[in-house]
Amino acid sequence: MANVGRQTLLREVLSLVKCPKCSAAMESVSYQGIEVDRCTKCAGLWFDMLEAEDLKKLSGSESIDIGSAKTGKAQDKIGKIKCPKCAASMLRMVVNGQPHIWYEACPVCYGTYFDAGEFKDFKAENFMDTVKAIFRKERK
Ligand SMILES: [Zn+2]
Ligand SMILES: [Zn+2]
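What you are looking at is a predicted structure, and each value in this text was computed from that prediction instead of being measured.

The rules behind the values
Residues numbered from 1 in each chain as written. Chains lettered and ligands numbered in written order. Predicted model: local features only at pLDDT ≥ 70, side-chain atom pairs only at ≥ 80, totals over all residues. Core = buried A, V, L, I, M, F, W, Y, C linked by C-beta atoms within 7 Å. Buried ≥ 20, exposed ≤ 12 C-beta atoms within 10 Å, placed from the backbone. Helix = DSSP H or I, 4+ residues; strand = E, 2+ residues; numbered from the N terminus. Contact = placed C-beta atoms within 7 Å. Pairing = 2+ DSSP bridges. Axes fitted to C-alpha atoms, helices over the stretch in contact; angles between N-to-C directions.

Asker: Help me understand the nonpolar core, please; the structure alone is not making it clear to me.
Answerer: The nonpolar side chains of a soluble globular protein tend to be buried with one another. Counting 22 residues, the largest nonpolar core has Leu45, Trp46 and Phe114 as the members making the most contacts within it. Within the residue set of this core, elements represented by two or more residues are β2 (34-39), β3 (45-47), α2 (51-56), β5 (98-105), β6 (112-114) and α4 (118-123). The element best represented in this core is β3, accounting for three residues. Those residues within four positions of tryptophan 46 in sequence are excluded, and the remaining contacts are Val17, Met26, Val36, Asp37, Pro84, Gly111 and Tyr113.

The following block contains the structure:
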């Protein structure tokens, strides 16, 4: 019983999450039942543990990433951020196989933050990335 009450409270608190990069309010966006937080200003995306991986598998999920890649690229400069959910210092990461995508990951709650345009890119790990990877290896 007490558990139900705590969960309800948690949900209300979570809807007040602030963007770790620009401090603007974040809104909840859900795609096929997976709920993520998106910044109302810079359009950065916050994913709870494994949500980014889960969403990547769903076709059409790139539609949640409405921000411009240009804004996202500028936000890459802000690399030292605190987790918006547990306040731990987040780690600066690159996507395996897509080293041009920089994102931040929380070592405590395993949430991840993608700048605008990066989730779309992450999801589109495709032919061009394969080609780029091949060419990167050529002369090494
Ligand atoms: Zn923001
Ligand atoms: Zn965290």
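Asker: Where do I start with unusual backbone geometry in this structure?
Answerer: Both trends apply: most residues other than glycine have a negative phi, and most peptide bonds are in trans. We note that leucine 50 has phi near 65 degrees; this positive angle belongs to a residue other than glycine. Among the residues examined, leucine 50 registers 12 C-beta atoms within 10 Å and is labelled exposed. In this structure, tyrosine 110 takes a positive phi of about 65 degrees despite not being glycine. Mapping tyrosine 110 onto the fold places it in the loop between β5 and β6. Residue tyrosine 110 is classed as partly exposed on the basis of its C-beta count, with 14 C-beta atoms lying within 10 Å.

Asker: Even after reading the chapter, I still don't get the pairing of β5, so can you show me in this structure?
Answerer: In the case of a regular strand, side chains alternate between the two sheet surfaces. Bridge count for strand β4 (residues 91-95) against β5 is five bridges, and the pairing is antiparallel. Looking at β5, one finds that valine 94 is bridged to tryptophan 102. Linking two consecutive strands that pair antiparallel, namely β4 and β5, is a turn of two residues; a positive phi of about 85 degrees is found at glycine 97 within it. One ladder, built from three bridges, connects β5 with β6; its direction is antiparallel. From the neighbouring strand, tyrosine 103 faces β6, where its bridge partner is phenylalanine 114. Connecting β5 to the antiparallel partner β6 that follows it, the hairpin turn spans six residues, and tyrosine 110 within it adopts a positive phi of roughly 65 degrees.

Asker: Is there a simple way to think about the sheet that holds strand β1 (residues 26-31) in this case?
Answerer: The pairing of strands in a sheet happens through backbone hydrogen bonds and is either parallel or antiparallel. One open sheet holds the six strands; their spatial order is β1-β2-β3-β6-β5-β4, and the pairing between them is antiparallel. At either end of the open sheet lies a strand with only one pairing partner, and these are β1 and β4. For this sheet the average axis-to-axis angle between neighbouring strands, irrespective of direction, equals 35 degrees. Sheet topology places β3 next to β6; three bridges connect them, and they run antiparallel. Bridge pairing links phenylalanine 47 to threonine 112 in β6.

This is a description of form; function is not addressed.
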